[in-house]
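As a plain string of letters, each chain reads:
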Amino acid sequence: MSNMVVFGAQWGDEGKGKIVDIMTEHAQVIVRFQGGNNAGHTLVTGGRKIILHLIPSGILHADKLCLIGNGVVLDPDVLCREIDELVKGGIAISPVNLGISKKTHLIMPYHKALDQAREAAKSGPDKIGTTGRGIGPCYEDKMARIGVRAGDLQDLDLIRHKIDKALLEKNSLLQNLYQQQKIDSREVLEHIRPLAARLVPYLTDVSHQIQTARENGHTVLFEGAQGVQLDIDHGTYPFVTSSNTVCGNASAGSGSFYKAQQVIGVVKAYTTRVGQGPFPTEQTNSCGEHMQVQGAEYGSTTGRKRRCGWLDLAILREAVRLCGPTEIALTKLDVLSGLDELRICTAYEYLGQKVLYPPQEENALKKVLPVYEELKGWKEDISMCRKLDDLPENARALIRYIEQALNTPVRIISVGPDREQTIR
Ligand code: GDP
Ligand code: IMO
Ligand code: MG
(Lines give C-alpha, C1' and ligand atoms only; values in the text may rest on other atoms or scores of the structure.)
(Ligands and ions follow the chains in the order given, each with its own letter.)
Protein backbone atom coordinates (compact mmCIF):
# COMPACT_ATOMS: atom_id res chain seq x y z
CA MET A 1 0.00 0.00 0.00
CA SER A 2 1.25 3.48 -0.76
CA ASN A 3 0.10 6.91 -1.79
CA MET A 4 1.14 8.82 -4.88
CA VAL A 5 0.43 12.42 -5.83
CA VAL A 6 0.84 13.97 -9.26
CA PHE A 7 0.81 17.77 -9.42
CA GLY A 8 1.51 20.50 -11.96
CA ALA A 9 4.55 22.59 -11.02
CA GLN A 10 3.94 25.60 -13.30
CA TRP A 11 0.77 27.30 -14.63
CA GLY A 12 -1.07 24.12 -15.60
CA ASP A 13 -1.08 22.01 -18.76
CA GLU A 14 2.26 20.41 -17.90
CA GLY A 15 1.03 17.00 -19.09
CA LYS A 16 -0.42 15.75 -15.79
CA GLY A 17 -3.07 13.66 -17.59
CA LYS A 18 -0.44 11.67 -19.47
CA ILE A 19 1.61 11.07 -16.32
CA VAL A 20 -1.43 10.00 -14.26
CA ASP A 21 -2.46 7.62 -17.06
CA ILE A 22 1.01 6.07 -16.98
CA MET A 23 1.25 5.85 -13.18
CA THR A 24 -2.24 4.31 -12.93
CA GLU A 25 -0.52 1.04 -13.79
CA HIS A 26 0.80 1.09 -10.18
CA ALA A 27 -2.41 2.23 -8.46
CA GLN A 28 -5.86 0.82 -7.81
CA VAL A 29 -7.67 4.04 -6.88
CA ILE A 30 -7.30 7.43 -8.63
CA VAL A 31 -8.73 10.53 -6.96
CA ARG A 32 -9.33 14.10 -8.19
CA PHE A 33 -9.26 16.43 -5.18
CA GLN A 34 -9.68 20.01 -6.47
CA GLY A 35 -10.60 22.11 -9.48
CA GLY A 36 -13.36 21.31 -11.92
CA ASN A 37 -13.84 21.33 -15.64
CA ASN A 38 -11.50 24.28 -15.97
CA ALA A 39 -9.01 21.40 -16.22
CA GLY A 40 -8.34 19.63 -19.49
CA HIS A 41 -6.16 16.53 -19.15
CA THR A 42 -5.12 14.88 -22.40
CA LEU A 43 -4.45 11.17 -22.80
CA VAL A 44 -3.10 9.69 -26.02
CA THR A 45 -2.86 5.94 -26.50
CA GLY A 46 -2.06 4.33 -29.83
CA GLY A 47 -2.72 7.63 -31.58
CA ARG A 48 -6.19 8.00 -30.01
CA LYS A 49 -6.69 11.24 -28.08
CA ILE A 50 -9.07 11.72 -25.16
CA ILE A 51 -9.44 14.93 -23.15
CA LEU A 52 -10.82 14.56 -19.64
CA HIS A 53 -12.17 17.50 -17.65
CA LEU A 54 -13.63 15.89 -14.54
CA ILE A 55 -13.14 12.15 -14.60
CA PRO A 56 -9.73 11.10 -13.21
CA SER A 57 -7.13 10.22 -15.84
CA GLY A 58 -6.96 6.59 -14.67
CA ILE A 59 -10.30 5.77 -16.31
CA LEU A 60 -8.82 4.15 -19.44
CA HIS A 61 -7.42 1.30 -17.36
CA ALA A 62 -9.70 -1.63 -16.53
CA ASP A 63 -10.35 -2.62 -12.91
CA LYS A 64 -9.41 0.74 -11.37
CA LEU A 65 -11.62 2.89 -9.18
CA CYS A 66 -11.79 6.59 -10.11
CA LEU A 67 -13.11 8.97 -7.46
CA ILE A 68 -14.17 12.61 -7.56
CA GLY A 69 -13.40 14.07 -4.15
CA ASN A 70 -15.20 16.70 -2.08
CA GLY A 71 -12.64 19.37 -3.05
CA VAL A 72 -13.75 19.28 -6.70
CA VAL A 73 -16.45 21.55 -8.11
CA LEU A 74 -18.56 19.46 -10.44
CA ASP A 75 -20.73 20.56 -13.35
CA PRO A 76 -23.30 17.72 -13.60
CA ASP A 77 -24.02 18.50 -17.24
CA VAL A 78 -20.35 18.25 -18.18
CA LEU A 79 -19.86 15.04 -16.22
CA CYS A 80 -22.81 13.35 -17.94
CA ARG A 81 -21.46 14.40 -21.35
CA GLU A 82 -17.99 13.16 -20.43
CA ILE A 83 -19.40 9.79 -19.37
CA ASP A 84 -21.37 9.56 -22.65
CA GLU A 85 -18.28 10.36 -24.74
CA LEU A 86 -16.19 7.73 -22.99
CA VAL A 87 -18.93 5.10 -23.29
CA LYS A 88 -19.26 5.93 -27.01
CA GLY A 89 -15.52 5.31 -27.27
CA GLY A 90 -15.92 1.85 -25.78
CA ILE A 91 -14.86 2.62 -22.20
CA ALA A 92 -17.16 1.09 -19.62
CA ILE A 93 -18.28 3.55 -16.95
CA SER A 94 -20.45 2.53 -14.02
CA PRO A 95 -20.58 3.03 -10.27
CA VAL A 96 -18.11 0.13 -10.10
CA ASN A 97 -15.29 2.26 -11.54
CA LEU A 98 -16.48 5.83 -10.89
CA GLY A 99 -17.63 7.43 -7.65
CA ILE A 100 -18.58 10.98 -6.65
CA SER A 101 -18.32 12.30 -3.11
CA LYS A 102 -21.67 13.39 -1.68
CA LYS A 103 -19.82 16.45 -0.38
CA THR A 104 -18.66 17.64 -3.81
CA HIS A 105 -20.10 21.05 -4.67
CA LEU A 106 -22.09 21.38 -7.89
CA ILE A 107 -21.61 24.08 -10.50
CA MET A 108 -25.05 25.48 -11.29
CA PRO A 109 -26.07 27.46 -14.39
CA TYR A 110 -26.00 30.69 -12.37
CA HIS A 111 -22.34 30.11 -11.45
CA LYS A 112 -21.41 29.98 -15.13
CA ALA A 113 -23.54 33.03 -15.93
CA LEU A 114 -21.87 35.03 -13.15
CA ASP A 115 -18.35 33.94 -14.09
CA GLN A 116 -18.91 35.01 -17.69
CA ALA A 117 -20.73 38.25 -16.83
CA ARG A 118 -17.97 39.31 -14.45
CA GLU A 119 -15.23 38.63 -16.93
CA ALA A 120 -17.11 40.47 -19.66
CA ALA A 121 -17.57 43.48 -17.37
CA LYS A 122 -13.87 43.69 -16.55
CA SER A 123 -11.63 45.61 -18.83
CA GLY A 124 -7.96 45.59 -19.80
CA PRO A 125 -5.57 44.58 -17.05
CA ASP A 126 -8.38 43.61 -14.65
CA LYS A 127 -9.46 40.63 -16.74
CA ILE A 128 -8.34 37.28 -15.33
CA GLY A 129 -9.15 35.27 -18.43
CA THR A 130 -11.05 32.58 -16.54
CA THR A 131 -12.30 29.55 -18.40
CA GLY A 132 -15.87 30.82 -17.86
CA ARG A 133 -16.90 27.46 -16.42
CA GLY A 134 -18.31 28.86 -13.16
CA ILE A 135 -15.40 27.65 -11.03
CA GLY A 136 -14.88 30.80 -8.92
CA PRO A 137 -18.58 31.48 -8.18
CA CYS A 138 -19.13 27.85 -7.18
CA TYR A 139 -16.23 27.90 -4.70
CA GLU A 140 -17.57 31.25 -3.41
CA ASP A 141 -20.93 29.64 -2.60
CA LYS A 142 -19.16 26.76 -0.89
CA MET A 143 -17.35 29.19 1.40
CA ALA A 144 -20.51 31.25 1.91
CA ARG A 145 -22.21 28.02 3.01
CA ILE A 146 -24.97 28.27 0.42
CA GLY A 147 -23.67 25.70 -2.08
CA VAL A 148 -25.53 22.79 -3.64
CA ARG A 149 -23.72 19.50 -3.06
CA ALA A 150 -23.77 16.25 -5.02
CA GLY A 151 -25.49 14.48 -2.11
CA ASP A 152 -28.39 16.95 -2.47
CA LEU A 153 -29.20 15.32 -5.82
CA GLN A 154 -31.04 12.71 -3.72
CA ASP A 155 -33.39 15.40 -2.40
CA LEU A 156 -34.79 17.68 -5.09
CA ASP A 157 -36.86 19.62 -2.54
CA LEU A 158 -33.66 20.63 -0.78
CA ILE A 159 -32.13 21.63 -4.10
CA ARG A 160 -35.22 23.69 -5.01
CA HIS A 161 -34.96 25.53 -1.69
CA LYS A 162 -31.25 26.23 -2.21
CA ILE A 163 -31.70 27.39 -5.80
CA ASP A 164 -34.54 29.74 -4.83
CA LYS A 165 -32.41 31.31 -2.12
CA ALA A 166 -29.29 31.56 -4.26
CA LEU A 167 -31.16 33.16 -7.16
CA LEU A 168 -32.51 35.97 -5.00
CA GLU A 169 -28.96 37.23 -4.77
CA LYS A 170 -27.57 36.05 -8.14
CA ASN A 171 -30.44 37.48 -10.17
CA SER A 172 -30.03 40.82 -8.50
CA LEU A 173 -26.38 40.86 -9.54
CA LEU A 174 -27.02 39.49 -13.02
CA GLN A 175 -29.84 41.90 -13.81
CA ASN A 176 -28.84 45.07 -11.98
CA LEU A 177 -25.09 45.03 -12.05
CA TYR A 178 -24.34 43.10 -15.24
CA GLN A 179 -27.49 43.79 -17.29
CA GLN A 180 -27.96 40.08 -17.96
CA GLN A 181 -31.13 38.02 -18.20
CA LYS A 182 -32.77 36.75 -15.03
CA ILE A 183 -32.40 33.01 -14.39
CA ASP A 184 -35.60 31.13 -13.68
CA SER A 185 -35.39 28.79 -10.68
CA ARG A 186 -37.89 26.31 -12.15
CA GLU A 187 -35.81 26.02 -15.30
CA VAL A 188 -32.72 25.33 -13.25
CA LEU A 189 -34.52 22.61 -11.32
CA GLU A 190 -35.88 21.00 -14.49
CA HIS A 191 -32.36 21.08 -15.93
CA ILE A 192 -31.02 19.32 -12.83
CA ARG A 193 -33.78 16.69 -12.53
CA PRO A 194 -32.64 14.28 -15.30
CA LEU A 195 -28.97 14.84 -14.40
CA ALA A 196 -29.76 13.91 -10.79
CA ALA A 197 -31.41 10.68 -11.90
CA ARG A 198 -28.27 9.77 -13.83
CA LEU A 199 -25.69 10.76 -11.21
CA VAL A 200 -27.27 9.56 -7.94
CA PRO A 201 -26.06 5.95 -8.49
CA TYR A 202 -22.47 7.24 -8.55
CA LEU A 203 -22.69 8.97 -5.15
CA THR A 204 -20.40 7.48 -2.58
CA ASP A 205 -18.38 8.14 0.56
CA VAL A 206 -14.98 8.88 -1.00
CA SER A 207 -13.25 9.15 2.36
CA HIS A 208 -14.46 5.69 3.32
CA GLN A 209 -13.58 4.24 -0.11
CA ILE A 210 -9.99 5.45 0.27
CA GLN A 211 -9.79 4.02 3.77
CA THR A 212 -11.06 0.65 2.54
CA ALA A 213 -8.58 0.68 -0.34
CA ARG A 214 -5.76 1.27 2.13
CA GLU A 215 -6.95 -1.53 4.40
CA ASN A 216 -6.80 -3.79 1.35
CA GLY A 217 -3.22 -2.78 0.69
CA HIS A 218 -4.08 -0.79 -2.42
CA THR A 219 -2.21 2.21 -3.80
CA VAL A 220 -4.08 5.51 -4.07
CA LEU A 221 -3.05 8.04 -6.70
CA PHE A 222 -4.13 11.65 -6.16
CA GLU A 223 -4.42 13.63 -9.41
CA GLY A 224 -3.83 17.37 -9.15
CA ALA A 225 -5.37 19.82 -11.58
CA GLN A 226 -4.02 23.23 -12.66
CA GLY A 227 -0.53 24.06 -11.33
CA VAL A 228 1.22 25.55 -8.31
CA GLN A 229 1.31 29.08 -9.76
CA LEU A 230 -2.50 28.95 -10.14
CA ASP A 231 -2.99 28.13 -6.44
CA ILE A 232 -5.43 30.53 -4.76
CA ASP A 233 -2.98 31.27 -1.92
CA HIS A 234 0.46 30.58 -3.34
CA GLY A 235 0.03 31.42 -7.02
CA THR A 236 0.19 34.71 -8.91
CA TYR A 237 -2.84 36.17 -7.13
CA PRO A 238 -5.27 37.48 -8.38
CA PHE A 239 -4.46 35.73 -11.68
CA VAL A 240 -5.12 32.29 -10.23
CA THR A 241 -7.87 29.72 -10.00
CA SER A 242 -10.13 29.42 -6.96
CA SER A 243 -8.73 26.32 -5.26
CA ASN A 244 -5.55 25.17 -3.56
CA THR A 245 -3.62 23.30 -6.19
CA VAL A 246 -0.72 22.35 -3.91
CA CYS A 247 -0.37 18.72 -2.86
CA GLY A 248 -1.41 19.44 0.73
CA ASN A 249 -4.96 19.80 -0.52
CA ALA A 250 -5.05 16.13 -1.58
CA SER A 251 -5.94 15.37 2.02
CA ALA A 252 -8.68 17.95 2.62
CA GLY A 253 -10.04 17.59 -0.91
CA SER A 254 -10.58 13.85 -0.64
CA GLY A 255 -11.27 13.30 3.05
CA SER A 256 -8.21 11.22 3.82
CA PHE A 257 -5.00 11.62 5.72
CA TYR A 258 -2.09 10.76 3.55
CA LYS A 259 1.61 10.34 3.73
CA ALA A 260 2.72 10.21 0.15
CA GLN A 261 5.58 7.89 -0.65
CA GLN A 262 5.79 9.21 -4.20
CA VAL A 263 5.14 12.86 -5.08
CA ILE A 264 5.56 13.50 -8.78
CA GLY A 265 5.97 17.11 -9.87
CA VAL A 266 5.13 17.45 -13.55
CA VAL A 267 7.39 20.02 -15.20
CA LYS A 268 7.11 21.06 -18.83
CA ALA A 269 10.58 21.59 -20.37
CA TYR A 270 9.54 25.20 -21.02
CA THR A 271 6.71 27.27 -19.53
CA THR A 272 3.19 28.02 -20.72
CA ARG A 273 0.28 30.00 -19.37
CA VAL A 274 -3.34 30.43 -20.55
CA GLY A 275 -5.26 33.53 -19.59
CA GLN A 276 -3.96 36.75 -18.07
CA GLY A 277 -1.31 37.38 -15.45
CA PRO A 278 2.42 37.96 -15.16
CA PHE A 279 4.78 35.56 -16.90
CA PRO A 280 8.41 36.67 -16.53
CA THR A 281 9.99 34.30 -19.07
CA GLU A 282 7.32 34.74 -21.77
CA GLN A 283 8.77 34.90 -25.30
CA THR A 284 6.74 36.80 -27.86
CA ASN A 285 9.30 36.03 -30.57
CA SER A 286 10.35 33.16 -32.82
CA CYS A 287 11.41 30.99 -29.83
CA GLY A 288 7.98 31.38 -28.22
CA GLU A 289 6.40 30.64 -31.57
CA HIS A 290 8.54 27.52 -31.94
CA MET A 291 7.23 26.23 -28.56
CA GLN A 292 3.65 27.21 -29.38
CA VAL A 293 3.65 25.52 -32.79
CA GLN A 294 5.82 22.46 -32.08
CA GLY A 295 4.11 21.91 -28.72
CA ALA A 296 0.62 22.45 -30.23
CA GLU A 297 0.03 24.79 -27.31
CA TYR A 298 -3.71 25.39 -27.44
CA GLY A 299 -5.81 25.15 -24.26
CA SER A 300 -7.47 21.72 -23.91
CA THR A 301 -10.53 23.34 -22.35
CA THR A 302 -11.05 26.65 -24.13
CA GLY A 303 -8.90 26.23 -27.26
CA ARG A 304 -7.10 29.50 -26.49
CA LYS A 305 -3.49 29.85 -27.66
CA ARG A 306 -1.16 29.24 -24.73
CA ARG A 307 1.49 31.85 -24.04
CA CYS A 308 4.97 30.29 -24.14
CA GLY A 309 8.38 31.03 -22.63
CA TRP A 310 11.58 29.61 -21.17
CA LEU A 311 11.82 27.30 -18.20
CA ASP A 312 11.70 29.28 -14.95
CA LEU A 313 13.63 27.83 -11.99
CA ALA A 314 12.35 30.48 -9.57
CA ILE A 315 8.77 29.24 -9.83
CA LEU A 316 9.95 25.63 -9.86
CA ARG A 317 11.95 26.15 -6.66
CA GLU A 318 8.76 27.42 -5.10
CA ALA A 319 6.84 24.36 -6.33
CA VAL A 320 9.50 22.16 -4.69
CA ARG A 321 9.24 24.16 -1.45
CA LEU A 322 5.43 23.94 -1.42
CA CYS A 323 4.91 20.36 -2.55
CA GLY A 324 8.13 18.43 -1.80
CA PRO A 325 8.27 16.25 -4.91
CA THR A 326 10.22 13.01 -4.58
CA GLU A 327 10.71 13.10 -8.34
CA ILE A 328 10.08 15.10 -11.48
CA ALA A 329 8.31 14.03 -14.65
CA LEU A 330 9.83 16.22 -17.36
CA THR A 331 7.42 16.58 -20.27
CA LYS A 332 7.51 17.92 -23.82
CA LEU A 333 11.29 17.71 -24.10
CA ASP A 334 10.80 16.87 -27.80
CA VAL A 335 9.36 20.34 -28.37
CA LEU A 336 12.75 21.95 -27.74
CA SER A 337 14.40 19.98 -30.61
CA GLY A 338 15.61 22.34 -33.32
CA LEU A 339 16.36 25.32 -31.08
CA ASP A 340 20.09 26.20 -31.31
CA GLU A 341 20.26 27.72 -27.87
CA LEU A 342 18.10 27.18 -24.82
CA ARG A 343 17.62 29.60 -21.98
CA ILE A 344 16.82 28.83 -18.38
CA CYS A 345 15.78 31.49 -15.91
CA THR A 346 17.92 30.84 -12.82
CA ALA A 347 16.80 33.79 -10.68
CA TYR A 348 15.05 37.16 -10.87
CA GLU A 349 16.27 40.67 -10.38
CA TYR A 350 13.73 42.40 -8.14
CA LEU A 351 14.10 45.93 -6.78
CA GLY A 352 17.85 45.80 -7.40
CA GLN A 353 18.36 42.43 -5.71
CA LYS A 354 18.85 38.93 -7.03
CA VAL A 355 16.09 36.64 -5.72
CA LEU A 356 15.77 32.88 -6.10
CA TYR A 357 12.04 32.62 -5.33
CA PRO A 358 9.03 34.62 -6.57
CA PRO A 359 8.57 37.67 -4.31
CA GLN A 360 5.25 37.60 -2.46
CA GLU A 361 3.88 41.09 -3.12
CA GLU A 362 0.89 41.22 -5.45
CA ASN A 363 1.96 41.35 -9.07
CA ALA A 364 5.67 41.31 -8.14
CA LEU A 365 6.22 38.97 -11.08
CA LYS A 366 5.28 41.86 -13.36
CA LYS A 367 8.29 43.75 -12.03
CA VAL A 368 10.99 41.07 -11.97
CA LEU A 369 13.67 40.67 -14.63
CA PRO A 370 14.66 37.09 -15.39
CA VAL A 371 18.35 36.20 -15.10
CA TYR A 372 19.15 33.64 -17.79
CA GLU A 373 21.74 30.98 -18.29
CA GLU A 374 22.27 29.63 -21.81
CA LEU A 375 22.54 25.96 -22.67
CA LYS A 376 23.18 24.38 -26.04
CA GLY A 377 20.21 22.92 -27.89
CA TRP A 378 20.01 19.88 -30.17
CA LYS A 379 18.78 19.28 -33.69
CA GLU A 380 17.66 15.64 -33.55
CA ASP A 381 14.03 14.52 -33.37
CA ILE A 382 13.89 12.73 -30.02
CA SER A 383 10.28 11.57 -30.14
CA MET A 384 11.37 7.98 -30.86
CA CYS A 385 13.87 7.82 -27.97
CA ARG A 386 12.92 5.27 -25.31
CA LYS A 387 16.09 5.21 -23.21
CA LEU A 388 18.06 7.99 -21.56
CA ASP A 389 21.11 6.97 -23.58
CA ASP A 390 19.18 7.50 -26.82
CA LEU A 391 18.90 11.24 -26.08
CA PRO A 392 21.46 13.69 -27.49
CA GLU A 393 24.11 14.77 -24.96
CA ASN A 394 22.74 18.33 -24.82
CA ALA A 395 19.29 17.04 -23.86
CA ARG A 396 20.83 14.93 -21.11
CA ALA A 397 22.81 17.95 -19.95
CA LEU A 398 19.56 19.90 -19.63
CA ILE A 399 18.03 17.12 -17.53
CA ARG A 400 21.08 17.01 -15.24
CA TYR A 401 20.92 20.80 -14.91
CA ILE A 402 17.28 20.68 -13.78
CA GLU A 403 17.95 17.83 -11.34
CA GLN A 404 20.80 19.71 -9.71
CA ALA A 405 19.02 23.06 -9.60
CA LEU A 406 15.94 21.56 -7.95
CA ASN A 407 17.77 18.88 -5.99
CA THR A 408 15.19 16.38 -7.23
CA PRO A 409 15.67 13.44 -9.61
CA VAL A 410 13.98 13.41 -13.02
CA ARG A 411 12.52 9.88 -13.19
CA ILE A 412 10.10 10.21 -16.11
CA ILE A 413 10.89 11.96 -19.40
CA SER A 414 8.13 12.49 -21.91
CA VAL A 415 9.12 12.92 -25.57
CA GLY A 416 5.69 12.98 -27.22
CA PRO A 417 1.98 12.94 -26.33
CA ASP A 418 1.53 9.17 -26.64
CA ARG A 419 1.69 6.88 -23.62
CA GLU A 420 4.50 5.01 -25.37
CA GLN A 421 6.61 8.13 -25.95
CA THR A 422 8.09 7.97 -22.49
CA ILE A 423 11.50 7.27 -20.96
CA ARG A 424 11.40 5.78 -17.44
P1 GDP B 1 -2.53 18.68 -18.30
O2 GDP B 1 -3.63 19.67 -18.13
O3 GDP B 1 -1.38 18.94 -17.38
O4 GDP B 1 -2.98 17.25 -18.26
O5 GDP B 1 -1.95 18.94 -19.76
P6 GDP B 1 -2.82 19.15 -21.12
O7 GDP B 1 -3.35 17.84 -21.56
O8 GDP B 1 -3.77 20.26 -20.97
O9 GDP B 1 -1.69 19.69 -22.08
C10 GDP B 1 -0.57 18.95 -22.43
C11 GDP B 1 -0.55 18.76 -23.95
O12 GDP B 1 0.71 18.29 -24.35
C13 GDP B 1 -1.55 17.71 -24.43
O14 GDP B 1 -1.96 18.04 -25.74
C15 GDP B 1 -0.72 16.44 -24.44
O16 GDP B 1 -1.20 15.46 -25.35
C17 GDP B 1 0.61 16.98 -24.89
N18 GDP B 1 1.79 16.27 -24.38
C19 GDP B 1 1.98 15.68 -23.17
N20 GDP B 1 3.26 15.25 -23.07
C21 GDP B 1 3.88 15.57 -24.23
C22 GDP B 1 5.21 15.43 -24.71
O23 GDP B 1 6.10 14.92 -24.03
N24 GDP B 1 5.48 15.94 -25.95
C25 GDP B 1 4.52 16.52 -26.73
N26 GDP B 1 4.89 16.98 -27.93
N27 GDP B 1 3.25 16.67 -26.31
C28 GDP B 1 2.95 16.22 -25.07
P1 IMO C 1 -5.17 21.94 -16.15
O2 IMO C 1 -5.64 21.02 -15.05
C3 IMO C 1 -4.16 25.98 -17.43
C4 IMO C 1 -6.46 29.27 -15.61
C5 IMO C 1 -7.39 30.02 -16.54
C6 IMO C 1 -7.33 31.40 -15.91
C7 IMO C 1 -7.26 31.07 -14.42
C8 IMO C 1 -8.60 31.18 -13.69
O9 IMO C 1 -5.62 21.49 -17.50
O10 IMO C 1 -3.72 22.17 -16.04
P11 IMO C 1 -10.75 29.61 -13.69
O12 IMO C 1 -11.66 29.22 -14.79
O13 IMO C 1 -10.07 28.46 -13.02
O14 IMO C 1 -11.38 30.55 -12.70
O15 IMO C 1 -9.59 30.49 -14.41
O16 IMO C 1 -6.76 29.75 -14.31
N17 IMO C 1 -6.66 27.80 -15.59
C18 IMO C 1 -5.85 26.91 -16.20
N19 IMO C 1 -4.77 27.11 -16.99
N20 IMO C 1 -4.55 24.73 -17.12
C21 IMO C 1 -5.62 24.52 -16.31
O22 IMO C 1 -5.97 23.30 -15.86
C23 IMO C 1 -6.34 25.64 -15.84
N24 IMO C 1 -7.43 25.81 -15.06
C25 IMO C 1 -7.60 27.12 -14.90
O26 IMO C 1 -6.91 30.03 -17.86
O27 IMO C 1 -6.14 32.03 -16.26
MG1 MG D 1 -4.73 21.02 -19.26
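Residues numbered from 1 in each chain as written. Chains lettered and ligands numbered in written order. Predicted model: local features only at pLDDT ≥ 70, side-chain atom pairs only at ≥ 80, totals over all residues. Heavy atoms only, no water.

**Points about the domain arrangement of the protein**
In step 1: Entries for the protein in the domain assignment read domain 1 (4-102 + 202-263), domain 2 (105-199) and domain 3 (267-423).
In step 2: Contacts between the two partners involve 28 residues from domain 1, matched on the other side by 23 residues from domain 2.
In step 3: Carbon and sulfur atoms make up 61% of the surface buried where domain 1 meets domain 2, a total of about 2,200 Å² over both sides.
In step 4: On the domain 1 side of the interface with domain 2, the three residues burying the most area are Val-73, Pro-76 and Leu-203, jointly 25% of the side's total.
In step 5: Where domain 1 meets domain 2, there are two salt bridges.
In step 6: Salt-bridge contacts for Asp-75 lead to Lys-112; the nearest nitrogen and oxygen are separated by 2.8 Å.
In step 7: In this structure, the connection of domain 1 to domain 2 is made through eight residue pairs in polar contact (both at pLDDT 80 or more).
In step 8: For the side of domain 1 that touches domain 2, the elements supplying multiple residues, two or more each, are strand S6 (73-74), helix H2 (76-88) and strand S7 (98-101).
In step 9: It is H2 that contributes the most residues to the side of domain 1 that touches domain 2, six residues altogether.
In step 10: In terms of residue class, the side of domain 1 that touches domain 2 is built from 13 nonpolar, eleven polar and four charged. (Domains from an automatic or database assignment. Contact = heavy atoms within 4.5 Å. Buried area = accessible area lost by both parts, 1.4 Å probe. Salt bridge = Lys/Arg side-chain N within 4 Å of Asp/Glu carboxyl O. Polar contact = N/O pair within 3.5 Å; in protein donor to acceptor, adjacent residues only side chain to side chain. Helix = DSSP H or I, 4+ residues; strand = E, 2+ residues; numbered from the N terminus. Nonpolar A, V, L, I, M, F, W, Y, C, P; charged D, E, K, R; others polar.)

**Comments concerning the site of ligand 1**
In step 1: Taken together, 19 residues surround ligand 1, and among them Lys-16, Thr-42, Ser-300, Asp-334 and Ser-414 come closest.
In step 2: Thr-42 is positioned with one of its side-chain polar atoms (N or O) 2.5 Å from an oxygen atom of ligand 1.
In step 3: Here Arg-306 contributes a side-chain N or O atom positioned 3.1 Å from an oxygen atom of ligand 1.
In step 4: When ligand 1 sits alone it has 580 Å² of accessible area, and the protein chains cover 93% of it.
In step 5: Counting atoms within 2 Å of the grid points, the majority share of ligand 1 lands in the second largest pocket.
In step 6: Contributing elements (two or more residues each) for the shell around ligand 1: helix H1 (16-23) and strand S3 (41-45).
In step 7: Residues that form the shell around ligand 1 fall into these classes: four nonpolar, eight polar and seven charged.
In step 8: Both of domain 1 (4-102 + 202-263) and domain 3 (267-423) provide at least three residues apiece to the shell around ligand 1. (Near = heavy atom within 4 Å. Areas by Shrake-Rupley, 256 points an atom, 1.4 Å probe, with all protein chains shown as cover. 1 Å grid on protein atoms, 1.4 Å probe; cavity = no way out; pocket = protein on both sides within 12 Å on 5 of 7 lines; lining within 4 Å. Sits in = over half its atoms within 2 Å of the grid points.)

**Some points on the coordination of the magnesium ion (ligand 3)**
In step 1: Protein-derived coordination of the magnesium ion (ligand 3) comes from Asp-13 (OD) and Gly-40 (O), at a distance range of 2.0 to 2.2 Å. Residue Asp-13 is located in the loop between strand S1 (3-8) and H1, and its partner Gly-40 is located in the loop between strand S2 (29-32) and S3; the two are separated by 27 residues in the primary sequence.
In step 2: For Gly-40, a relative accessible area of 10% puts it in the buried group. (Donors = N, O, S within 2.8 Å, 3.2 Å for Na, K, Ca; no water. Buried < 20%, exposed > 50% of the residue type's maximum accessible area, 1.4 Å probe, protein only.)

**Details of the nonpolar core**
In step 1: Ranked by internal contacts, the top residues of the largest apolar core, which has 55 residues, are Leu-79 and Ile-100.
In step 2: At six residues, helix H6 (residues 185-199) tops the list of elements feeding residues into this core.
In step 3: Per-domain counts for this core show at least three residues from each of domain 1 (4-102 + 202-263) and domain 2 (105-199).
In step 4: Not counting residues within four places of it along the chain, the set of residues in contact with Leu-79 comprises Leu-54, Ile-55, Ile-68, Leu-74, Ile-100 and Leu-199.
In step 5: With 51 residues, the next largest nonpolar core counts Phe-7, Val-206, Cys-247 and Ile-423 among its residues. (Core = buried A, V, L, I, M, F, W, Y, C linked by side-chain atoms within 4.5 Å.)

**Thoughts on the pairing of S3**
Put simply, side chains in a regular strand alternate between the two faces of the sheet.
In step 1: Burial within S3 is extensive, with four of its five residues counted as buried.
In step 2: As paired elements, S3 and strand S4 (residues 48-52) share five bridges and run antiparallel to each other. Looking at S4, one finds that Leu-43 is bridged to Ile-50.
In step 3: Where S3 hands over to S4, the hairpin turn is made up of two residues, of which Gly-46 adopts a positive phi near 55°. (Pairing = 2+ DSSP bridges.)

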